[in-house]
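Residue-level structural notes
Now for the letters of each chain:
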Amino acid sequence: MAGRVEGKVALITGAARGQGRAHAVRLASEGADIIAVDICKKVETVELIAASTPEDLAETADLVKNAGGRIFTAEVDVRDYDALKSVVDAGVEEFGRLDIIVANAGIGNGGQTLDQTSEADWTAMIDINLAGVWKTVKAGMPHILAGGRGGSVILTSSVGGIKAYPHCGHYVAAKHGVVGLMKTFAVELGAQNVRVNSVHPTNVNTPLFMNEGTMKLFRPDLENPGPEDMKIVGQLMHTLPIGWVEPEDIANAVLFLASDEARYITGVQLPVDGGSCLK
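Residues numbered from 1 in each chain as written. Predicted model: local features only at pLDDT ≥ 70, side-chain atom pairs only at ≥ 80, totals over all residues. Heavy atoms only, no water.

Cut-off, in case you're wondering: UniProt positions are given in the numbering used here, feature names are shortened, and annotations may be inferred rather than shown by experiment.
The protein is annotated in an unreviewed UniProt entry as Putative short-chain type dehydrogenase/reductase of Mycolicibacterium sarraceniae. Here is the UniProt Sequence similarities (unreviewed entry) comment for the protein, exactly as written: "Belongs to the short-chain dehydrogenases/reductases (SDR) family."

Encoded structure:
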């Protein structure tokens, strides 16, 4: 039985670990080949979240191969359009086509109220979490259009792209901006049968969420909070009795939007949020 994205090629950013890795493995398990990119080094202003590494990206490659897919990897910063385009062009040359774009790369930094957020934190956030999404689609779209088969673009936003949270206003602004990109791309590319949607995860069990800074932000009343301490607060954010979801939960949504099962779905904000948007 053919996979749900059999024979297709997917570009995924932020693929070294976390959600990006889960997307790569899930799509590969359903027949796709993967162009996987990640910066694989520290980003300035990101202090409390450990950087992804070349070893992380290599592990993703192994997992994709074990899932039955081919993979092309590259270390690239999504802020650098020329480098990103060069990598995407090389990946498409190797695999012969591009059908799916998952613009997933993102950072977390800061932790101040919006009026106290530094210009450096703001700039890095907007350049990666918003402009980097635009540059990813811009780099890949010529190849999708050249194929003449249509395609699917999935942009990683957040529940923070639907509602606001304190102490991460620059993140909220970027993720709201991703929705604007999604809707505009959907309108502009629909005539070419390119569908564009966004996914809106709640807390996800990845290094971007499971780190010392986030734990202290959730539990400022404790000197050394851990995941179980954070879970108590996380449960208050959801309608379902959970503190967070797993990367695979988001990957299942990405697979659905990438597949022909969603062939008439475009311009949609899809929360994977345990009911967080109901609160």
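Some points on the sheet that holds strand β3 (residues 71-75)
The pairing of strands in a sheet comes from backbone hydrogen bonds and takes either a parallel or an antiparallel form. The condition is simple: Paired strands are those between which DSSP finds at least two bridges. Counting from the N terminus, the helices are DSSP H or I runs at least four residues long and the strands are E runs at least two residues long. Here, axes are lines fitted to C-alpha atoms. For helices the fit covers the stretch in contact, and angles between N-to-C directions go from 0 to 180 degrees. Whether two residues are in contact is decided by their heavy atoms: any pair within 4.5 Å suffices.
One open sheet holds the seven strands; their spatial order is β3-β2-β1-β4-β5-β6-β7, and the pairing between them is parallel. Across the chains shown, the open sheet's two edge strands, defined by having one partner strand only, are β3 and β7 (269-272). With strand direction ignored, the average angle separating the axes of adjacent strands in the sheet is 15 degrees. The pairing of strand β6 (residues 194-201) with β7 spans four bridges and is parallel. Looking at β7, one finds that Val-199 is bridged to Leu-270. Relative to the sheet, helix α3 (residues 81-95) contacts β1 (9-13), β2 (33-38) and β3, its axis offset from that of β2 by approximately 160 degrees. Of the strands in this sheet, β5 (151-156), β6 and β7 are in contact with helix α5 (residues 169-189), which crosses β6 at around 160 degrees.

Quick word on the packing of helix α1 (residues 18-29) against helix α8 (residues 247-258)
To be explicit about the condition: Any angle from 65 to 115 degrees is called roughly perpendicular, while one under 35 is roughly parallel, one over 145 is roughly antiparallel, and all others are oblique. By definition, turning the near helix anticlockwise from the far helix through less than a right angle yields a left-handed crossing, and turning it clockwise yields a right-handed one. Note on residue categories: nonpolar means Ala, Val, Leu, Ile, Met, Phe, Trp, Tyr, Cys or Pro, charged means Asp, Glu, Lys or Arg, and polar means any other residue, Gly included.
Here α1 crosses α8 at 50 degrees, and the two axes come no closer than 8 Å. Taken as axis vectors, α1 and α8 run oblique relative to one another. Between α1 and α8 lies a crossing whose hand is right-handed. Contacts between α1 and α8 involve Gly-18, Gln-19, Ala-22, His-23, Arg-26 and Leu-27 on the former and, on the latter, Pro-247, Glu-248, Ile-250, Ala-251, Asn-252, Val-254, Leu-255 and Ala-258. Counted by class, the contact of α1 with α8 contains eight nonpolar, four polar and two charged residues.

Brief notes about the pairing of β2
Regular strands place their side chains on alternate faces of the sheet. Basically, it comes down to this: Think of it in three bands: with a 1.4 Å probe and only protein chains considered, a residue is buried below 20% of the maximum accessible area for its type, exposed above 50%, and partly exposed in between. Note on handedness: a crossover is taken as right-handed if, strands pointing away from the viewer, the path from the first strand over the helix to the second is clockwise.
Counting buried positions along β2 gives six out of six residues, so the element sits mostly inside the fold. Going residue by residue along β2, you find Asp-33, Ile-35 and Val-37 tucked away on one face and Ile-34, Ala-36 and Asp-38 tucked away on the opposite face as well. Bridge analysis of β1 against β2 gives five bridges, and the strand direction is parallel. Its bridge partner being in β2, Thr-13 is matched across the sheet by Val-37. Each parallel crossover has a hand, and the one from β1 via α1 to β2 is right-handed. Judged from the five bridges that link them, β2 and β3 form a sheet pairing that is parallel. Residue Ile-35 lies in a different strand from β3, and its bridge partner there is Phe-72. A crossover links β2 with its parallel partner β3, the connecting element being helix α2 (residues 54-66), and its sense is right-handed.

Some points on the nonpolar core
Selection criterion: To define a nonpolar core, start from buried Ala, Val, Leu, Ile, Met, Phe, Trp, Tyr and Cys residues and group those joined through side-chain atoms within 4.5 Å.
Judged by nonpolar contacts, the single largest core of 31 residues is most densely connected at Ile-35, Leu-98, Met-141, Val-153, Leu-155 and Val-196. In terms of residue count, the dominant contributor to this core is α5 (seven residues). What Met-141 contacts, discounting residues up to four positions off in sequence, is Ile-101, Val-153, Leu-189 and Val-194. Residues Leu-57, Ala-61, Ile-100 and Leu-255 belong to the second largest nonpolar core, which totals 30 residues.

Re unusual backbone geometry
Even without a glycine there, the phi angle at Thr-45 is positive, about 80 degrees. Inspection of the secondary structure puts Thr-45 in the loop between β2 and α2. Judged by its relative accessible area of 18%, Thr-45 is buried. Residue Asn-193 is not a glycine yet carries a positive backbone phi of 60 degrees. Examined against the element boundaries, Asn-193 turns out to sit in the loop between α5 and β6.

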